[in-house]
Amino acid sequence: MAAVVPTIESFLHSPYSSTTQLNPIYSRRTHLGFQAKLQMPSLLMAWQNSRKEYVKWRRRGWTVKCTAEGIERGLLMGKGRGEGKIIVPERFKVVALMAFVMCLCNADRVVMSVAIVPLAGKYGWSSSFLGVVQSSFLWGYILSSVIGGALVDKYGGKKVLAWGVGFWSLATLLTPWAANHSTTSLLAVRAFFGLAEGVALPSMNTLLSRWFPIHERASAVGISMAGFHLGNVVGLLLTPIVMSSIGLSGPFVLFSSLGLLWLSTWECNMTNDPRESSLVSKSELRLIQAGKTVPPTKHSSQPPPLRLLLSKLPTWAIIVANVTNNWGYFVLLSWMPVYFKTVFDVNLKQAAWFSAVPWGMMAVSGYVAGAASDYLIKAGYSVTLVRKIMQSIGFIGPGLSLLCLNYAKTPVIASIFITAALSLSSFSQAGFLLNIQDIAPRYAGFLHGIANSLGTLAAIISTIGTGYFVQWLGSFQAFLTVTACLYFVTTIFWNLYATGERVF
């Protein structure tokens, strides 16, 4: 609503026109009786003074709005009294830290996807064994997802994520040593790396659900996942450059150091819940709490009801969606540089550039999906409908793009189709990923862990399966077609059984 602007009419009818302060009309006695006389210069002067006070009031940032949310936003984003500086809400700092660590999370994964090309040439690994090495990360990842999710529900995301970052940074640092030592050591370190990274997504999902109201949650997840996808870009572009100038161990040392640096900032400035933070203003806390559809839940000491969770079809809609999403995602993540090298015979640096562009676009489209989801919810559309729309785009779009990829004749055309597939798949972030908090806010970490573990199993099968398909058939086409069909079938299942209402 527009701000209240003082006018002459409003001034005349205000308390300030009373005789106790200023009366523009006074009386004087004449021979014929009393006669009224209007002091127009006094009236205009008073009105101008009122306008000046209003302008000063506006400049201090205290704009009058007729909704509570508008008042809170004006207070949060305006200037402080007499300080002349912008007040940044604490939840924005939280999402910035989250986006940075998610960027590191994926960059640490991608380093191996690039480094494996010279390693395969050095040790003479076959395409099928490449798939085994690529999937070793997932061996640990599948184990930690459920356990990590349960730990997040019990202890909160702050501590669990901090331990995860510390361990995966250590594993990243040890990777080049393990590769030089033996293949067994390399597989073990990569499995340990996956074990540590398995807690990242459940921690992110739980923390953001506590720090953001529901009408901002999709945007917060979109920003965090944008960092996640930009990690692919950073890893794909920096790894070849650093390896060519410093050596194979260069990128591993770089990214592990950044992880330890982030960890020191995280421990000093983060809490599990905004109610526990001494840095959150009362107005921001009211805004966060007012935007919750359900009361905030405390960490439960009781074990999650696994049988109850698995007895409901909305749970299986999330699990099947996660399985399909991971299947397609890890095929592209692990095999994209190899795809461009094998199909179009481009060198490693060119393959990195062709592979990086789609991930950069995915970061942008992920935020767009989140903003669009929040807009639709604010406009009055049901959460169920919004989640179904976003997830449908996130599966039908990639399916069609992968079918078209089979007919690409140049690396540029192939890059366009892969970019479309990944960009549209990012709409899943505003679909099943947010839906976990919708249906089970109390057990969100555990449910995320279950879905992620089964999705990781699918990722292992798809990563290894791609290698065998390429070795047996000599092309990627058959596996791309299988993946596209999986996208289409899952879209139907999702629209039949998904819901945005609380189930548990």
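Here, every reference points to the structure presented above.
Structure report, in brief. (Residues numbered from 1 in each chain as written. Predicted model: local features only at pLDDT ≥ 70, side-chain atom pairs only at ≥ 80, totals over all residues. Heavy atoms only, no water.)

### A few points about the packing of aromatic side chains
Here's step 1: With the rule as written, the count across this model stands at 9 aromatic pairs.
Here's step 2: Residues Phe137 and Phe193 carry aromatic rings whose centres are separated by 5.5 Å and whose planes lie at 50° to one another, so their mutual orientation is tilted. With Phe137 in helix H5 (residues 127-155) and Phe193 in helix H7 (residues 183-197), this residue pair connects regions lying 56 residues apart in the sequence.
Here's step 3: The interplanar angle of 25° and the centroid separation of 6.2 Å between the aromatic rings of Phe228 and Tyr329 together place this pair among those described as stacked. In this pair, Phe228 is assigned in helix H9 (residues 214-245) and Tyr329 in helix H13 (residues 313-344), connecting sequence segments 101 residues apart. Residues Phe228 and Tyr329 agree in their burial class; the two are buried. (Phe/Tyr/Trp six-rings, centres within 6.5 Å; stacked < 30°, edge-to-face > 60°. Helix = DSSP H or I, 4+ residues; strand = E, 2+ residues; numbered from the N terminus. Buried < 20%, exposed > 50% of the residue type's maximum accessible area, 1.4 Å probe, protein only.)

### Quick notes on a nonpolar patch on the surface
Here's step 1: A cluster of nonpolar side chains, namely Leu143, Trp163, Phe167, Leu170, Leu173, Leu174, Trp177, Phe192, Leu195 and Val253, defines an oily patch on the protein surface of about 960 Å² accessible area.
Here's step 2: Going through the elements one at a time, helix H6 (157-181) and H7 are the ones with two or more residues in the nonpolar patch.
Here's step 3: Residue contributions to the nonpolar patch peak at 6 residues, all from H6.
Here's step 4: Turning to its location among the elements, Leu195 is positioned in helix H7.
Here's step 5: On the basis of relative accessible area, Leu195 is assigned to the partly exposed category, the value being 36%. (Patch = residues over 30% accessible without salt bridge, like charges linked within 9 Å, V, L, I, M, F, W, Y side chains within 5 Å. Areas by Shrake-Rupley, 256 points an atom, 1.4 Å probe, with all protein chains shown as cover. Salt bridge = Lys/Arg side-chain N within 4 Å of Asp/Glu carboxyl O.)

### Here we look at the pattern of salt bridges
Here's step 1: Within this structure, the stated rule accounts for 7 salt bridges.
Here's step 2: A salt bridge links Glu197 to Arg109; its shortest N-O distance comes to 2.6 Å. Highlighted residues: Glu197 in helix H7 and Arg109 in helix H4 (residues 90-123), separated in sequence by 88 residues.
Here's step 3: Accessibility expressed as a relative area gives 6% for Arg109, which makes it buried.
Here's step 4: Several salt bridges share partner residues, and in doing so they unite Arg91, Glu216 and Glu284 into one network.

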